[in-house]
Amino acid sequence: AAVLPAGGSGERLGGATPKQFCAVQGRPLVSYTVRAMERISWIADIIVVVSPENIEIMKSIIERYGHKRVTIVKGGITRHRSIFNGLKVFAENEFSNHLLQKPEVVIIHDAVRPFVEEDILSKVVMAAKEHGAAGAIRPLVSTVIASAADGCLDHSLERARYRASEMPQAFLFDIIYEAYRQCTDYDLDYGTECLHLALKYCKTNAKLVEGTADLWKVTYKRDLYAAESIIKDNLSQQVCVITDVKEAVAQVGFLLHECLKSQIKVEAISISLSKNDSHLQNIFSGQCYNFVCVKGKKYAIQETQQLVDMLEKSNIPLLYPVLLILVHLDISENISFSIEMEELTRIKKFAREVKKKNILVYGLLIQYK
């Protein structure tokens, strides 16, 4: 399971909207983080802890973006109290209408760290299974110094010996829950480090796992612009090439894959769109936004409509325009690029209609021998 504290007021960001609900590319930041967890099949439950006044906002986000496996929990007045509330839904009847199944390992991750990948989550979970607790760390960027009472330098720390504690962190559920149960009010009101609680109350030394540079936390307004830039860059760096199963068409898909794979993340699949292909559904759930559909059949509007329907059901066009390039592969001996006006009008009308659904359709006619 994963517990996402999202109850902060966002004072350092400035403005009236808490940072977890600020829009990035038209979508609330917290939705990206939930989506990152949701894409991982082995995370059974996602607990989002929000302040009481934002519960309805969070409910509307879950409904609008079709999030699954999410439970909303009312947060406390501090970070630790909110996390404790998130853990209670697995253990205390008084706190939940129905108890969720207690997990072996629970992940704790800030709702405003949207770029977490499955690899680092897997590493901290496996380390937590072995050691009882684990957390991601990063090298310190700046040297930490201490000032004296007169405001002058007292001493500095040797930067090479220290690390910045990041998220995600993971714990055997029984350890972190027991640690919170033993916490003093002072811990709950002024503490911030979950790993320290596991050490202090359960004598559990956390395994520290080297994290990646994309684990940073959205704290200030400028971070929102950086997050938007990263999202745009990620979207432009992956493409799915879809072909039918005919040998000549599949060969073109393979060649395109070979040409592109050194530059961007590309996946090529040969399927029949008339069937509900689970592989293609998995690609949609992974939020790919660029598709090249190579067909040998003439224009294949009907099959393209099936692809558009699958994209719509996945809800990914709600976030960002989906680019769909339709390639008609003409492998006949007669070299001709002519197209009937009626057919061209139908294709243009189709493109105009799906554009309203945030799906941008382009067409290519290629003579291939």
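Residues numbered from 1 in each chain as written. Predicted model: local features only at pLDDT ≥ 70, side-chain atom pairs only at ≥ 80, totals over all residues. Heavy atoms only, no water.

As a reminder of what qualifies: UniProt positions are given in the numbering used here, feature names are shortened, and annotations may be inferred rather than shown by experiment.
If you look the protein up in an unreviewed UniProt entry, it shows as D-ribitol-5-phosphate cytidylyltransferase from Haliaeetus albicilla. Within the UniProt record for the protein, the comment given under Sequence similarities (unreviewed entry) is "Belongs to the IspD/TarI cytidylyltransferase family. IspD subfamily." On record in UniProt, under Subcellular location (unreviewed entry), the comment for the protein is "Cytoplasm, Cytosol".

**Describing the overall build of the protein**
Keep this limit in mind: Strands here are runs of E lasting at least two residues and helices are runs of H or I lasting at least four, both read from the DSSP assignment and numbered beginning at the N terminus. Between buried and exposed lies partly exposed: a residue is buried under 20% and exposed over 50% of the maximum accessible area for its type, with that area taken using a 1.4 Å probe on protein chains only. Note on contacts: a residue pair qualifies if any of its non-hydrogen atoms lie within 4.5 Å across the two residues. Computed with a 1.4 Å probe, the accessible areas rest on the Shrake-Rupley method; for each residue, only the protein chains presented here act as cover.
Assigned secondary structure in the protein consists of 12 helices and 16 strands. Of all 369 residues assigned to the protein, the portion counted as buried reaches 46%. Long-range pairs, those at least 24 residues apart, make up 74% of the contacts in the protein between residues at least 6 apart in sequence. Of the accessible surface of the protein, which amounts to about 19500 Å², a share of 51% is contributed by carbon and sulfur atoms.

**Some remarks on the sheet that holds strand β15 (residues 322–330)**
For clarity, the cut-off: When DSSP finds two or more bridges between a pair of strands, those strands are recorded as paired. Convention adopted: a line fitted to C-alpha atoms gives each axis, helices being fitted over their contacting stretch, and angles between N-to-C directions are expressed from 0 to 180 degrees.
Ordered by their spatial adjacency, 5 strands build an open sheet running β13-β12-β14-β15-β16, and the pairing between neighbours is parallel. With one partner strand each, in any of the chains shown, β13 (265–270) and β16 (359–367) form the two edges of the open sheet. When strand polarity is set aside, the average angle formed by the axes of neighbouring strands in this sheet is 15°. Pairing geometry for strand β12 (residues 238–243) and strand β14 (residues 290–295), over 4 bridges, is parallel. Looking across to β14, one finds that Thr243 is bridged to Val294.

**Observations regarding helix α5 (residues 173–182)**
Those residues of α5 that sit buried are Phe173, Ile175, Ile176, Tyr177, Ala179 and Tyr180. Buried residues along α5 sit against α3 (79–88), β6 (105–108), β10 (163–172), α6 (185–190) and α7 (194–202).

**Observations regarding a nonpolar patch on the surface**
The cut-off we apply is this: For patches, a residue must show more than 30% relative accessible area and have no salt bridge; joins then use 9 Å for like charges and 5 Å for nonpolar side chains, namely Val, Leu, Ile, Met, Phe, Trp and Tyr. The salt bridge definition used is simple: a Lys or Arg side-chain nitrogen within 4 Å of an Asp or Glu carboxyl oxygen.
Residues Val144, Leu157 and Tyr162 make up a contiguous nonpolar surface patch of about 210 Å² in total accessible area. When its relative accessible area of 30% is taken as the criterion, Leu157 is described as partly exposed.

**Looking at the confidence of the model for the protein**
The condition is simple: Confidence of the predictor at the level of single residues is captured by pLDDT, which takes values from 0 to 100.
Overall, the prediction assigns the protein a mean pLDDT of 86, with 89% of residues at 70 or greater. The least confident element of the protein is helix α10 (residues 278–285), whose mean pLDDT is 68; the most confident is β6, at 98.

**Quick word on the state of the cysteines**
Note the following rule: The disulfide criterion is simple: two cysteine sulfur atoms within 2.5 Å.
Here the structure, examined in full by the defined rule, presents 0 disulfides. With no disulfide of its own, Cys194 lies 9.2 Å from the sulfur of Cys183, the closest cysteine sulfur. Owing to a relative accessible area of 0%, Cys194 belongs among the buried residues under this scheme.

**What to know about the packing of helix α11 (residues 301–314) against helix α12 (residues 341–355)**
Short version of the rule: The cut-offs work like this: below 35 degrees is roughly parallel, past 145 is roughly antiparallel, 65 to 115 is roughly perpendicular, and the gaps in between are oblique. Polarity classes work like this: nonpolar for Ala, Val, Leu, Ile, Met, Phe, Trp, Tyr, Cys and Pro, charged for Asp, Glu, Lys and Arg, and polar for all others, with Gly in that last group.
Direction vectors running N to C along α11 and α12 enclose 5°, while the axes themselves pass 12 Å from each other. By the criterion of interaxial angle, the relationship of α11 to α12 is roughly parallel. Only Glu343, Arg346, Ile347, Phe350 and Val354 of α12 make contact with α11, whose side of the interface consists of Ile301, Thr304, Gln305 and Val308. For the contact of α11 with α12, the per-class residue count stands at 5 nonpolar, 2 polar and 2 charged.

**Description of a positive patch on the surface**
Put simply, the rule is: A positive count includes Lys and Arg, and a negative count includes Asp and Glu. His and the chain ends are not counted in either. A charged residue contributes its charge at one atom only: NZ of Lys, CZ of Arg, CG of Asp or CD of Glu.
Together, Lys348, Lys349, Arg352 and Lys356 make up a positively charged patch on the protein surface. With respect to the secondary-structure elements, Lys348 resides in helix α12.

**Structural notes on the side chain of Ser31**
Among the secondary structure elements, Ser31 is positioned in helix α1 (residues 29–38). Under the relative-accessibility criterion, Ser31 is labelled buried at 0%. Apart from residues lying up to four places away in sequence, Ser31 is in contact with Ile61, Tyr65 and His67.

**With respect to unusual backbone geometry**
For the bond from Met167 to Pro168, the omega torsion is 10°, close enough to zero to count as cis. Position of Pro168 among the secondary structure elements: in strand β10. Its identity as a non-glycine residue notwithstanding, Lys203 has a phi of 55°, on the positive side. Its location among the elements puts Lys203 in the loop between α7 and β11 (207–210). Even without being a glycine, Asn358 presents a positive backbone phi close to 70°. Residue position: Asn358 is located in the loop between α12 and β16.

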